[in-house]
Amino acid sequence: MSAAPTEARAPRPPRTPPPAPPVLATAPAPSPALAAAPTPAPLPVETTSFVDRHHELAEGRRLLTRSRLVTLTGPGGVGKTRLAWRLAARAERAFPDGVRLAHLSDLHDPALVLTAAAEALGLPDPLPARAPLDAIVRHVRDRRLLLILDNCEHLLPACADLVAALLRGTTGVRILATSRHRLALTEEHLLEVRPLPVPDPDGDLSDPAAHPALALFADRAAAVVPGFTLSPANRASVARLCRRLDGLPLAIELAAVRLRVLGVDQLLERLDDRYRLLAAAGPGVQPRHRTLRAAVDWSHDLCTPEERSVWARASVLTGSFDLETAENVCADAETDAGAGAGTGTGSGSGGAPSLRTPYDVLEAVAGLVDKSVLTREEHWSGTVRYRLLDGLRHYGLDLLRRTPGAEADARRRHRDWTQRRVAAYERAWFGPGQREIAARLRADQDNLRTALEFSLTTPGEALAGLRLAGSLWFHWYGCGAPGEGLHWLERALDANPEPTPERARALWVAALLLTAVGGEDSSRARRLAAESRELALGLSPDLRRSAARPAPAEAAHAEYVLGLTLLSGDDPTGAVAHYDSVLAGVPATGHLPALAALDQVQLAHALVPLGQTDRAVVLCEQTLRRCERHGEDWVRSSALRALAHAYTARKQWHRAESHAREALRRGLALHDVVGVALSLDLLIDITTALGARERAAVLLGGTDRLRAADLCPGTPITGHRDGGRAPRRDREAHLRRSLGRGPFERAYRRGGTLGLDELVSYALQQEPPQAVPETPVPLTARETEVTLLVAEGLANQQIADRLVIARRTAEGHVERILGKLGFHNRSQIAAWATTQGFAAERS
């Protein structure tokens, strides 16, 4: 395996974050905002036993109690990631806001480290362009959680910047990193993960359980050879095998799998040959890579030619992938015939691998799963996906690169397949499969990034990258990723200045995403949409360049965005005239049906402030009927929101509320964070008008907090030049007057503790948030002190130790506090202490 290109990087100068409080032994109150954030990935489920590592686990727990940053270091294949998962699982109860895992091994662009961290922490896309780190810090400032950053070594500067900001800006966030190199931060505590200890083959082996390397081999061997056990006859050979593999867990596990066809002594014999081969590879290969590569080489030798070919070609895929992707990337192309037989990447006659049909690829994939080269994963949607372990993926890339042009060919196949799949999704978007499409694209996110990165960094491929980035408009805009979409589109547009239909598409998509993220970019959005329209019509904005061939459908799409900029710019009269003109024209061939339907929806929005609600309702109902015929959800959510807008203007509050809630429910199902934000704005006004002013204040506090943290992008429906600040001020002033200052502030603070999912649930009246006592409760000085310690997450014994009192006394204080506050558990005490600002008073 090739070493990660990190050794050449100069170490970063140490930084000094603020001191850390002691980690909790038991969990205090969960923070509602983070607990209900948008479904971040849980810790992976362990499907095989975890052998030993007792010392590392104990030392890791000890370090986590002393330091807010612990980095597991060691060579590839030694088990850093698995150890981090186990450490996190054992410490999870100490973190009320949970353990969050950010996979970094598949990222190559340092700019995406923050995106990966935001996803792990439950922040919906986008992060703000100007201060993305600040947004992440704000989101977790009051949280108590453990963030795992897995595989940092190839992204050290970006990871160090992220960790330093979290350490500096929070007090309850701890970081557990895995990396081949330290992050070079002052507060960093290192835990070196060494290979498993291996006993002397000629020593006392009577207690195999005392030797973790032997126990690991025996456990994995028993899984493939039922009944296999360590015995006096094989213990010495197993010990020699583990010693020759340097106790590296990955090498031991791969060796155990081969017991299907070889005995232990035969394994040793073959391993001897393999070591001699690798020793001749040259001094540039480090010893630990030789031993790991020996195991992987040997595993590769036992694969069929077809399996080797699939292994090599699948190594261009990152993250997980489905069978259809493997079939399209790994099957033979016509130009492969007879090529690359020596490395197992070609096809043809004469003993070379043949992968001419999808069934051939399926058989090879099944073989790789059986040989533990591919990992099988159950996706939540019920589909089966596969993953190459990172080390095995790099090994496959090394093989692929032995044949000139093979890697570029495989990456091009992957990109082209991705483009075909996205184009099919785009054609099907205005239909019944939207939720499945959204879920699949989110599952394929790593491979989307890989395809785009290849296109934008490989000579001659930039136009294909521009085409792919533009084709994903519905994913970026409708499924909660406008910030990342802008990232790729801006790179693609910079790489493709020529006037082409692909550029015309990318320009209006970029403009659309700018309207979604809001901020100060409305004029830029208008410029990009106008340039797109001119380019699509064949009118080159730059007379020095030749005009592009006309693309009337792209011009129609640009018109939609231009109307949107008028609406968001508080020009409903101009927007009505614009959309009336658009709808009066002859539909262009290839006009996207979703955007064609949205022309009517945005016209309805523009009509409402002009008092033409009757016409707005008719337009919305027409659109809803059209969506129902096609089984469509996304545009339907927008039409329901526009209908709620119209009924709000009519003061038909109950009808407005029903439509707004349905819009909110459908938008959340697709993770349409832009639409969710707009629906919440409407529901605040509707709830206020219905007299539920406390509920409205909770919603206002929640949406204010989410917008402050850039979790709910988008311009309010009414579209004001000041970004909606005036109506927001009016809402707050009205609620303050009607509720009174104290009740308003308590409800508003309560809303500020809610995350996006929890806020939506509250708006739908599914899970009302925990009530806060309406009047201050008289606690004694000692009870106040105990309350603060409960809020820190301390158990009764820890409180007793801290205050130097008996445990029974501490229990009595907690019981009296529960009684005075009318609560039932410690979590409620902690949440109440937070809303009362006790922690701030103590500091």
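In this report, we go over the structure that sits alongside the text. Counting starts from 1 at the beginning of each chain's written sequence and moves along it residue by residue. Note on the predicted model: pLDDT of at least 70 is required for a residue's local features to be given, and 80 or more for side-chain atom pairs to be given and counted; whole-chain, interface and lining totals, by contrast, use all residues. Hydrogens and water molecules were not included; the side-chain quantities draw on all heavy atoms of the structure.

Moving on: the sheet that holds strand E4 (residues 173-178). As summarised here, the arrangement of the five strands in space is E2-E3-E4-E1-E5, forming an open sheet in which the pairing is parallel. Edge positions in the sheet fall to strand E2 (99-103) and strand E5 (188-192), since each has one partner strand and no second. Mean inter-strand twist for the sheet, computed between neighbouring axes without regard to direction, equals 20°. Pairing of strand E3 (residues 145-150) with E4 involves six bridges; the strand directions are parallel. Residue pairing across strands places Leu146 opposite Arg174, the latter belonging to E4. Here, two residues are considered to be in contact whenever any of their heavy atoms come within 4.5 Å of each other. Axis definition: a line fitted to C-alpha atoms, over the contacting stretch in the case of helices. Angles run 0 to 180 degrees between N-to-C directions. Helical segments are the DSSP runs of H or I of at least four residues, strand segments are the runs of E of at least two, and each set is numbered from the N terminus. Across the sheet, helix H4 (residues 113-120) lies against E2 and E3, angled at about 150° from E2, the strand it touches most. Whether two strands pair depends on DSSP finding at least two bridges between them.

Below, the discussion takes up the environment of Glu745. Here Glu745 shows up in helix H33 (residues 741-752). Exposure remark for Glu745: the relative accessible area of 25% places this residue in the partly exposed category. Measuring from C-alpha to C-alpha, the distance between Glu745 and Val698 comes to 9.2 Å, with 47 residues separating the pair along the chain. The buried label applies to any residue whose accessible area, calculated with a 1.4 Å probe on protein chains only, is under 20% of its type's maximum; exposed applies above 50%, and partly exposed to all values in between.

The subject of this paragraph is the environment of Thr450. Its location among the elements puts Thr450 in helix H18 (residues 445-457). Its relative accessible area of 10% is what places Thr450 among the buried residues. Sequence-distant contacts of Thr450, defined by excluding residues within four places in its chain, comprise Val316, Thr318, Arg411 and His414.

Within a regular beta strand, the side chains point alternately toward one face of the sheet and then the other, so they alternate between its two faces. Note that strand E6 (residues 320-322) and strand E8 (residues 384-388) share three bridges and pair antiparallel. Counterpart to Asp322 in the pairing with E8 is Arg385. Two strands pair when backbone bridges link them, and strand E7 (residues 374-378) and E8 are joined in this way by five bridges, in the antiparallel orientation. Following the sheet pairing, Thr375 is matched in E8 by Arg387.

Our next topic: the nonpolar core. Core analysis: the biggest nonpolar cluster contains 145 residues, and Leu149 and Trp473 have the highest contact counts within it. Top element by residues in this core is helix H22 (residues 501-517). It accounts for 11 residues. Setting aside residues up to four positions removed in sequence, Trp473 forms contacts with Glu426, Trp429, Gly478, Arg505, Trp508, Val509, Leu512, Leu592, Ala594, Leu595 and Trp634. Working definition of a nonpolar core: buried Ala, Val, Leu, Ile, Met, Phe, Trp, Tyr and Cys residues. They are joined through side-chain atoms within 4.5 Å. By size, the runner-up hydrophobic cluster in this structure holds 50 residues, among which are Leu72, Leu205, Ala213 and Leu262.

Within this document, salt bridges are pairs made up of a side-chain nitrogen of Lys or Arg and a carboxyl oxygen of Asp or Glu, the two lying within 4 Å of each other. Evaluated as defined, the whole model comprises 45 salt bridges. In this structure, the salt-bridge partner of Arg53 is Glu56, at a minimum N-O distance of 3.0 Å. Across this residue pair, the class does not change: Arg53 and Glu56 are buried. Linking Arg421 and Asp322 is a salt bridge whose minimum nitrogen-to-oxygen distance equals 2.9 Å. Of this pair, Arg421 sits in helix H16 (residues 406-428) while Asp322 is found in strand E6, placing the two residues 99 residues apart along the sequence.

Just geometry here; none of it tells us what the structure is for.
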